[in-house]
Amino acid sequence: MRHHQMPILVLVLAACGGGSASGPAPSLSATTPEGAVRLFFQSVADSNVAGMSRLWGTADGPASVTGKPQDYVRRMEVTQLFLRNSPYRVTSTTPMAADSDRKQVQVELDRVDIDGKRCIRTMQVVVVNTGKQGWIVEAMDLNQAGTPGRSCTGGATPSQG
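Please read all numbers here as calculations on a predicted model, not as lab measurements.

The rules behind each value
- Residues numbered from 1 in each chain as written.
- Predicted model: local features only at pLDDT ≥ 70, side-chain atom pairs only at ≥ 80, totals over all residues.
- Heavy atoms only, no water.
- Axes fitted to C-alpha atoms, helices over the stretch in contact; angles between N-to-C directions.
- Helix = DSSP H or I, 4+ residues; strand = E, 2+ residues; numbered from the N terminus.
- Parallel < 35°, antiparallel > 145°, perpendicular 65-115°, else oblique.
- Contact = heavy atoms within 4.5 Å.
- Nonpolar A, V, L, I, M, F, W, Y, C, P; charged D, E, K, R; others polar.
- Salt bridge = Lys/Arg side-chain N within 4 Å of Asp/Glu carboxyl O.

Asks: Can you walk me through the packing of helix H2 (residues 33-45) against helix H5 (residues 72-83) in this structure?
Replies: The relative placement of two packed helices is expressed as an angle between their axes plus a distance between the axes. It is at 9 Å that the axes of H2 and H5 come closest, and there the two elements cross at 85°. Compared by their axis directions, H2 and H5 come out roughly perpendicular. Across from Phe40, Phe41 and Val44 in H2, the residues of H5 making contact are Met76, Thr79, Gln80 and Leu83. Of the residues in the contact of H2 with H5, the class split is five nonpolar, two polar and no charged.

Asks: Explanation requested: the pattern of salt bridges in the structure shown.
Replies: A side chain with one charge can pair with a side chain of the opposite charge if their charged atoms come near. Tallied over the full model, the rule gives five salt bridges. The residue Arg75 makes a salt bridge to Asp71 at a minimum N-O spacing of 2.9 Å. In this structure, the salt-bridge partner of Glu77 is Arg74, at a minimum N-O distance of 3.5 Å. Of this pair, Glu77 and Arg74 are both found in helix H5, three residues apart, which corresponds to roughly one turn of the helix.

Written as C-alpha cells, this is what we have:
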C-alpha cells in the first residue's frame, strides 16, 4: 500500500515546484509614456502575450481588463510576430494636440531583412494615460515596422554595423 502512495507524492511535489528564487514578477504598470513602450516591447521580446495585453488598450484600460476589442489576443499575437527579434530604441516623445493624456512615442527598430541586410525602421506609438493602470500603448502602425521576412525597403534607413 505504501508503494502506491509514492507516485502521488512525487506528482504533488512536481506541481508545487518550479518557482523562481529571483523574486516577484516585474510590475506591468508604467508611470511614463516611454516606460509603457519599453514594458510593451519587453513583453514582445519575452513572447508574453498576456503581458502585452496588460500594456495595450484604450483610455478605458488595458485590453486584458476591458476585454475589448474581442480579438485582442489575436492582435497581440500578430503584433508579437511583427516586432519580435527587433532591437529598438525610444527616440522621442511628443504631446498629441491638446490631449495631455496621450503622447506619441517614436521608436527606431533595428531590423534584419530576408537578405541579411540591416536597416532602421521608424515607428510611431501612441500611448494613453489610463489613470489607475498607468500609461499603456493605444495604437501603432505595424506597416511602419515592415513585414517580417521581407526586404528592408520603403521607409527604412540603411543601418551601419
